[in-house]
Amino acid sequence: MAERKKIIIDTDPGIDDAMAIFLALKSPEVEVIGLSTIYGNVYTTLATKNALHLLEIAERTDIPVAEGSHVTINKGTKLRIADFVHGTDGLGNQNFPPPKGKPIELSAADFLIQQANLYPGKVTVVALGPLTNVALAIQSDPSFVKNIGQIVLLGGAFAVNGNVNPAAEANIFGDPEAADIVFTSGADVLAVGINVTHQVVLTDADRDKLAESNGKFAQYLNKILDVYFSYHHDAYSTKGVYLHDPTALLAAVNPSLITCTEGAVRVQTTGITRGLTLFYNKQKRFVEVTEWSDKPSVKVAVTVDAPAVVKLVMERLTHS
Ligand SMILES: O=c1[nH]cnc2c1ncn2[C@@H]1O[C@H](CO)[C@@H](O)[C@H]1O
């Protein structure tokens, strides 16, 4: 059997994060070597508690959790927390007991650096929240960009409206400066934006199937999904929920589920379009030097085999 891809999930759990984490643990193609935490759907302290809790539910307390930044890369403390999407506890207002485990001593950024150094070119970071930890790793270790295998990130709204406002998607909006550092770093980056994840819908009928399954993960997710479904029913006119984090995770597990284009991405950091991701396809040679001119290319997902993603999510989460 081929060597399993080592992944670290940088996460802000979060209902769809919980799905992605369980999915990763049920994916034989990958080995989860750690979770690192970040604010976004919840504050970082709660993200760490939730990450530990989810590993306890999965009986995988052998996997280390590294706590990430509590502030943005520019030390900003006015964070935008999406508790209205995930519940105040981030996990569908279920009042789970606190986890028994503790995070490791290393910070998330130092953990990412350590693991990239330990397995050069072999570690994929699947970043499911704002990109502060990844940007900190890039800033504090000049060899991180070379040592990290790939950064697969859920973020951006490429040529479509955002979900925070018409310009910005939530993870990029959470720390636009960090996102711009990651996109322009020269690392092997694959961005999966909401232009793609909005095509991947878990329907009410799928959820009924989860409810009927005796699987441990299916039962757990069925409970926490209520809040996520209500939010989607209110905010969008879809009959179901968007599978943001599971889609990004599966793009890392099996890249053939998506197609990509390549070019330079910059992030707007000021004004009413703060958090906007702007992709340049490098087709036209502009007369002027632009803010994109000398920037390395990244991959941006453009299509997804949505039925295949939903099928994998259902299969792997029901048979547990
Ligand atoms: O309307 C929203 N506002 C803020 N965050 C959202 C919204 N919808 C989903 N997410 C969360 O942000 C990421 C995708 O952008 C996902 O992690 C999702 O859970």
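Small disclaimer: the values here were computed from a predicted structure and weren't measured.

Caption draft 1: Summary view of the packing of aromatic side chains. Tallied over the entire structure, the rule returns 7 aromatic pairs. On the numbers, 6.0 Å between centres and 55° between planes, the contact of F84 with Y231 is tilted. Linking F84 in helix α3 (residues 83-86) with Y231 in helix α11 (residues 216-235), this pair joins segments that are 147 residues apart in sequence. Note on Y231: relative accessible area 19%, which makes it buried. Taking the centre distance of 4.9 Å and the plane angle of 75° together, the rings of Y236 and Y242 count as edge-to-face. Members of the aromatic cluster, each reached through a chain of ring pairs, are F22, F96, F217 and Y220.

Caption draft 2: Region of the structure containing the UniProt feature "domain: Inosine/uridine-preferring nucleoside hydrolase" (unreviewed entry) in the chain. Those residues carrying the UniProt feature "domain: Inosine/uridine-preferring nucleoside hydrolase" (unreviewed entry) are residues 7-310 in this numbering. The span residues 7-310 shows a helical share of 38% and a strand share of 18%, and its end C-alpha atoms are spaced 21 Å apart.

Caption draft 3: Main features of the pattern of salt bridges. This model, assessed by the stated rule, comprises 12 salt bridges. Linking K216 and E59 is a salt bridge whose minimum nitrogen-to-oxygen distance equals 3.0 Å. Here K216, found in helix α11, pairs with E59, found in the loop between α2 (44-57) and β3 (65-66); they are 157 residues apart in sequence, far enough to count as distant. Where K295 meets D294, a salt bridge forms, and the shortest distance between an N and an O atom there is 3.4 Å. K295 sits in the partly exposed class, given a relative accessible area of 21%. A cluster of three or more residues bridged by salt bridges with shared partners is formed by D180, R266 and E291.

Caption draft 4: Structural detail: helix α12 (residues 244-253). In terms of burial, α12 is a largely internal element, 10 of the 10 residues being buried. Residues of α12 that are buried include every one of H244, D245, P246, T247, A248, L249, L250, A251, A252 and V253, and no others.

Caption draft 5: Focus on the site of the ligand. In the vicinity of the ligand there are 16 residues, among which D16, H86, N163, E169 and Y231 approach most closely. Take H86: an N or O atom from its side chain is 2.9 Å from an oxygen atom of the ligand. At a separation of 3.5 Å, an oxygen atom of the ligand approaches a polar side-chain atom of D245. For the ligand, whose accessible area on its own is 410 Å², the fraction buried by protein is 99%. Elements with a contribution of two residues or more to the shell around the ligand: α3, α11 and α12. Looking at which element gives the most residues to the shell around the ligand, the answer is α3, with 3 residues. Here the residues of the shell around the ligand sort into 8 nonpolar, 4 polar and 4 charged.

Caption draft 6: Main features of the packing of helix α1 (residues 15-25) against helix α13 (residues 306-318). Contact pair α1 / α13: the axes reach a minimum separation of 9 Å and the direction vectors enclose 70°. It follows that α1 is roughly perpendicular to α13 by the angle criterion. Of the residues in α13, those in contact with M19, F22 and L23 of α1 are L312, V313, R316 and L317. Split into classes, the residues belonging to the contact of α1 with α13 amount to 6 nonpolar, no polar and 1 charged.

Caption draft 7: Up close: the nonpolar core. Grouped together as the largest cluster of nonpolar side chains are 62 residues, with contacts concentrated most on L202, L221, L225, L249 and L317. Once residues lying within four places of it in the same chain are set aside, the contact partners of L225 are I15, M19, L202, R207 and L210. By size, the runner-up hydrophobic cluster in this structure holds 34 residues, among which are V125, A137, V182 and V267.

Caption draft 8: Up close: the side chain of D180. Relative to the helices and strands, D180 is located in helix α8 (residues 176-183). In terms of polar contacts, D180 uses its side chain to reach the backbone amide nitrogen of V267, at 2.9 Å.

Thresholds, definitions, all that
- Residues numbered from 1 in each chain as written.
- Predicted model: local features only at pLDDT ≥ 70, side-chain atom pairs only at ≥ 80, totals over all residues.
- Heavy atoms only, no water.
- Phe/Tyr/Trp six-rings, centres within 6.5 Å; stacked < 30°, edge-to-face > 60°.
- Helix = DSSP H or I, 4+ residues; strand = E, 2+ residues; numbered from the N terminus.
- Buried < 20%, exposed > 50% of the residue type's maximum accessible area, 1.4 Å probe, protein only.
- UniProt positions renumbered as here; feature names shortened; annotations may be inferred.
- Salt bridge = Lys/Arg side-chain N within 4 Å of Asp/Glu carboxyl O.
- Near = heavy atom within 4 Å.
- Polar contact = N/O pair within 3.5 Å; in protein donor to acceptor, adjacent residues only side chain to side chain.
- Areas by Shrake-Rupley, 256 points an atom, 1.4 Å probe, with all protein chains shown as cover.
- Nonpolar A, V, L, I, M, F, W, Y, C, P; charged D, E, K, R; others polar.
- Axes fitted to C-alpha atoms, helices over the stretch in contact; angles between N-to-C directions.
- Parallel < 35°, antiparallel > 145°, perpendicular 65-115°, else oblique.
- Contact = heavy atoms within 4.5 Å.
- Core = buried A, V, L, I, M, F, W, Y, C linked by side-chain atoms within 4.5 Å.

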